[in-house]
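Understanding the architecture of this molecule
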There are 2 protein chains.
Amino acid sequence: MTYCVGLKLNEGLVLLSDTRTNAGLDNISTYRKMFFFEKPGERIITIMTAGSLSVTQTTIARLQEAIDLPEADETTSIMRAQTMLQVATIIGNTLNRTRREIVEQCRELNQQASASMIVGGQRAGGEMRLFLIYPEGNFIEATEDTPFLQIGEHKYGKPILDRVVRPDTSLDDAQKAALLSMDSTLRSNLSVGMPLDLAVIRKDDCRVSHRRIAEGDPAFMAMSAAWSAALRDSFVKVTI
Amino acid sequence: MTYCVGLKLNEGLVLLSDTRTNAGLDNISTYRKMFFFEKPGERIITIMTAGSLSVTQTTIARLQEAIDLPEADETTSIMRAQTMLQVATIIGNTLNRTRREIVEQCRELNQQASASMIVGGQRAGGEMRLFLIYPEGNFIEATEDTPFLQIGEHKYGKPILDRVVRPDTSLDDAQKAALLSMDSTLRSNLSVGMPLDLAVIRKDDCRVSHRRIAEGDPAFMAMSAAWSAALRDSFVKVTI
């Protein structure tokens, strides 16, 4: 499985994904699930993926191929699309087409193949937006009321986000909330694993700052230990 | 949906269940999901249920019917079974038979019907035990390493249990952990709802102490608010 979370704050976007993939329980690998399409200062698009690796990899490859084609235009290339809504539409259509083809290929084996994505970004002069794209290609968008979107193993890490994330949360606090949400998921679910990819996109910067957090990263381990200790302290203090 | 959690501590058992049932999203009701079969001082058996209401209600009704039959014996009545293992076996068999019949009845509609149960208790002179019974009737048991079992919407409330519950956790702390685990679930998932049923069975007492926690219960609301405040405080203190 996977856990990816995207937060849309007044100050910008924060995106976090794990890297574990598994086919069954005995075939575990590390694959990046966060992809950037960037022309710094002009356009930044980040895609996070969850689901069948064949679907997500082929979808990303096709999006890249469509960008590189000489006849690429605003209806086919996410680097030429006029708006983030158009970007989400192109990605949704590509995802749906790819998924349907692979499901058809797998029909004889009665195997499922599906995927969903979180897409966030901004084009210079346009609005910063964050979408969750369903396997069928339709999508929803983060709003003031619900400023975060999750895909994959979303339940373990939802309570902390429900409690602390608001549109006016700072980018620093948003990164912390995303990392604590991931920490809860890592602890409780084996199918989500380090390393992590953490991306921050400041509003109107149209460029991404990306950090890979490796297994055993001292800052992440310290935060995780401090959070565990704080939770246990809180547990002692609360009375019933 | 449902959330039920059972904890097996050195001092005894703690069991907690919600009461919300839903058929779709627009047909929501309140049903008790915690059942007691008790002969105080001699035997206490508690069953918590998750899944299709027709399966769980019929299973409980059949278990009661088997107890009341004049020819009831240790192989059919959970109030006469010699050990908690035999109790779990009788419940598992009854659940599996009931589920299969109802699935057969629903076949034309292509509807699913399934259920799982947590069974905890003790018979005087025997060991205190806690089981999770699967829809097929097989079961697993809580151990020193994994002293809690959950059914239903278990993911939201797992991180706090993973962090604080050990076999030597006191009964008071275990109740608090179960209630905080439930609180996280209630906040993040609409299909789990108040009131709650909380049961404590002290080791070797062979009797249950049960409390219904109603919507708006002042102690529970205070705990929930204190926990939220403590989490937010902890969030501020932790640095990354």
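Reading the values: the criteria
Residues numbered from 1 in each chain as written. Chains lettered and ligands numbered in written order. Predicted model: local features only at pLDDT ≥ 70, side-chain atom pairs only at ≥ 80, totals over all residues. Heavy atoms only, no water. Salt bridge = Lys/Arg side-chain N within 4 Å of Asp/Glu carboxyl O. Helix = DSSP H or I, 4+ residues; strand = E, 2+ residues; numbered from the N terminus. Pairing = 2+ DSSP bridges. Axes fitted to C-alpha atoms, helices over the stretch in contact; angles between N-to-C directions. Contact = heavy atoms within 4.5 Å. Buried area = accessible area lost by both parts, 1.4 Å probe. Polar contact = N/O pair within 3.5 Å; in protein donor to acceptor, adjacent residues only side chain to side chain. Nonpolar A, V, L, I, M, F, W, Y, C, P; charged D, E, K, R; others polar.

Looking up chain A in an unreviewed UniProt entry gives the name Peptidase, with the organism given as Paracoccus kondratievae.

A closer look at the pattern of salt bridges
Going through the model one piece at a time under the given rule, you end up with 21 salt bridges over all chains. In this structure, K155 of chain A engages E153 of chain B in a salt bridge whose closest nitrogen and oxygen atoms are separated by 2.9 Å. One end of the pair, K155 of chain A, is in the loop between β10 (148-152) and α3 (158-164); the other, E153 of chain B, is in the loop between β10 (148-152) and α3 (158-164), on a second chain. The network of salt bridges with shared partners includes E42, R43 and R123 of chain A.

A look at the sheet that holds strand β5 (residues 34-39) of chain B
All names here are of chain B. Overall, antiparallel pairing links the five strands, which are arranged β5-β6-β7-β8-β9 in an open sheet. Sheet topology places β5 and β9 (139-141) at the edges, where each strand pairs with a single neighbour. Pairs of neighbouring strands in the sheet enclose a mean axial angle of 20°, with direction left out of account. As paired strands, strand β8 (residues 129-133) and β9 are joined by three bridges and run antiparallel to one another. Of the residues in β9, the one forming a bridge with F131 is E141. Set on the sheet, helix α1 (residues 53-68) makes contact with β5, β6 (43-51) and β7 (115-123); between it and β6 the angle comes to about 160°. Contacts from helix α2 (residues 84-105) reach β6, β7, β8 and β9 within the one sheet, and its direction differs from that of β7 by about 155°.

Some words on the interface of chain A and chain B
A common way to express how large an interface is: the accessible area buried when the components associate. Chain A puts 34 residues into the contact, and the matching count from chain B is 34 residues. At the boundary of chain A with chain B, total buried surface from both sides reaches about 3300 Å², with 67% on carbon and sulfur atoms. Ranking the residues of chain A by area buried against chain B places R163, F235 and I240 of chain A at the top, with a combined share of 28%. Where chain A packs against chain B, one counts four salt bridges. Among the salt bridges present, the one from R163 of chain A reaches D183 of chain B, with a minimum N-O distance of 3.0 Å. Scanning the region where chain A abuts chain B turns up 17 residue pairs in polar contact (both at pLDDT 80 or more). Going through the elements one at a time, α3, α4 (171-188) and α5 (218-237) of chain A are the ones with two or more residues in the side of chain A that touches chain B. Of all the elements, α5 of chain A adds the most residues to the side of chain A that touches chain B, at 13 residues. Residue classes in the side of chain A that touches chain B are distributed as 18 nonpolar, five polar and 11 charged.

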